[in-house]
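Each chain is listed here by its residues.
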Amino acid sequence: MSDILVVGSVALDSVKTTAGKSVEALGGSATYFALSASYFTGVALVGVVGEDFPSEHRGTLERRGVDLAGLKAAKGKTFRWAGSYGKDASVAKTLATDLNVFKTFKPVLSEAQRKMPVVFLANIDPELQSEVLAQMKGPALVACDTMNYWIDSKPEAIKKLLAKVDVFFSNDQEAMKLTGAPNALQAAEVISSWGPTIVVVKKGEHGAFMKVGGKFYVFPAFPLARIKDPTGAGDTFAGGFLGYLASTSSFKDLSELKRAMAYGTTMASFNVEDFSTKNIEALDREAIDERFHDFAERMSVLRLEAGVKGRRAVPA
Ligand code: AMP
């Protein structure tokens with residue numbers, strides 16, 4: 001049974017970082033998200049690829065149990081993205097975005113897909129994200145992500161979409177750009193006033209924070225002295241966060257939301273250790289939980305001092 005429906009890009013990425021490069025490797029927002037969430041729950045993917053999409057990439061997703069009934073093969077070329085990172089790995093420089101088959105993609109969900117309880121509208125044209133959401137039948141949780149490309153070209157469509165979203169993921173630069181706010185905390189306040197009750201803002205190696213119930217909860221990144229490729233870290237984070245949350249019984253339990261942040265952090269840390277999806281396609285839950293506990297342990301002094309015990313509800 002799939003719990004999460006994801007719509008987003010499935011891509012061939014060409015990426016250059018200070019550690020090397022990859023050429024036309026498996027990428028895309030829906031790909032990273034689905035692989036990451038697949039360690040926690042069932043995932044069904046909605047997207048499109050071209051005739052040139054290698055069957056081995058399909059196999060990578062299938063081996064993780066991702067339901068690809070909604071991955072259409074269309075005439076034309078697969079979406080391609082090219083980017084590079086300098087010393088500051090949190091800033092991606094987009095060199096090329098070729099939408100190709102995504103230009104004309106019109107997703108039509110099956111009856112089963114419409115009824116799925118959690119939907120993640122991964123980074124893709126916000127109008128496409130809205131089209132998918134409009135077809136859903138009362139999902140329990142709606143989450144989305146976006147990026148500079150769409151903030152520059154379709155900011156109003158993003159704002160319209162956010163009115164119907166529960167959880168919004170963004171990096172700090174994108175959140176400030178979208179809102180015009182001078183810092184990431186204020187940006188999160190503005191975004192939550194537009195709709196999402198949970199706003200997650202990622203700050204690369206400086207960690208991430210979650211705004212929920214009028215409070216900010218701050219998490220460090222998992223400390224890694226060397227990373228190879230930050231591409232997809234945001235989507236992998238969202239996959240860990242939502243995959244874990246979908247596997248719990250409550251989307252409003254503050255302790256579970258904090259664990260979701262820690263699982264998001266854990267999954268993103270695995271992703272950046274190698275190029276493309278290499279690291280996150282071959283993990284197991286034991287390795288994930290080991291790093292999750294390691295991460296929690298490193299933060300345990302803070303938890304003890306705060307005297308936080310048991311489960312607490314999200315403040316109203
Ligand atoms: P992240 O590093 O988490 O922001 O995600 C990077 C992934 O997003 C890459 O694998 C790209 O293929 C994909 N991507 C880049 N630009 C776009 C875009 N404009 N729309 C959709 N997906 C994109």
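Please refer to the structure placed before this passage.
These numbers were taken from a predicted model, which means no experiment stands behind them.

Peer 1: In this structure, what is going on with the packing of helix α9 (residues 233–246) against helix α10 (residues 254–271)? I would like to understand it.
Peer 2: Think of two packed helices as two axes; the pair is described by the angle between the axes and how far apart they sit. Running from N to C, α9 and α10 point in directions that differ by 140°, and their axes come no closer than 7 Å. Remark: the crossing between α9 and α10 carries right-handed chirality. Contacts from A233, T236, F237, G240, F241, Y244 and L245 of α9 reach α10 at E256, L257, R259, A260, M261, Y263, G264, T265, M267, A268 and N271. Broken down by class, the residue content of the contact of α9 with α10 amounts to eleven nonpolar, five polar and two charged.

Peer 1: Can you walk me through the site of the ligand in this structure?
Peer 2: The environment of the ligand is formed by 20 residues, the closest being S9, D13, G28, G232 and D235. A distance of 2.4 Å is found between an oxygen atom of the ligand and a side-chain nitrogen or oxygen belonging to D13. For the ligand, the accessible surface in isolation is 500 Å², of which the surrounding protein chains cover 92%. Counting only elements with at least two residues in the shell around the ligand, the list comes to β2 (11–17), α1 (29–37), β6 (79–85), α5 (148–153) and α9.

Peer 1: What's the story with the pairing of strand β3 (residues 20–27) in this structure? I'm lost.
Peer 2: On any regular strand, side chains alternate: one points to one face of the sheet, the next to the other face. The pairing of β2 with β3 spans six bridges and is antiparallel. Each residue of the ladder has a partner; that of K16, found in β3, is K21. From the end of β2 to the start of β3, which pair antiparallel, there are two residues.

Rules used throughout
- Residues numbered from 1 in each chain as written.
- Predicted model: local features only at pLDDT ≥ 70, side-chain atom pairs only at ≥ 80, totals over all residues.
- Heavy atoms only, no water.
- Axes fitted to C-alpha atoms, helices over the stretch in contact; angles between N-to-C directions.
- Helix = DSSP H or I, 4+ residues; strand = E, 2+ residues; numbered from the N terminus.
- Left-handed = near helix turned anticlockwise from the far one by under 90°.
- Contact = heavy atoms within 4.5 Å.
- Nonpolar A, V, L, I, M, F, W, Y, C, P; charged D, E, K, R; others polar.
- Near = heavy atom within 4 Å.
- Polar contact = N/O pair within 3.5 Å; in protein donor to acceptor, adjacent residues only side chain to side chain.
- Areas by Shrake-Rupley, 256 points an atom, 1.4 Å probe, with all protein chains shown as cover.
- Pairing = 2+ DSSP bridges.

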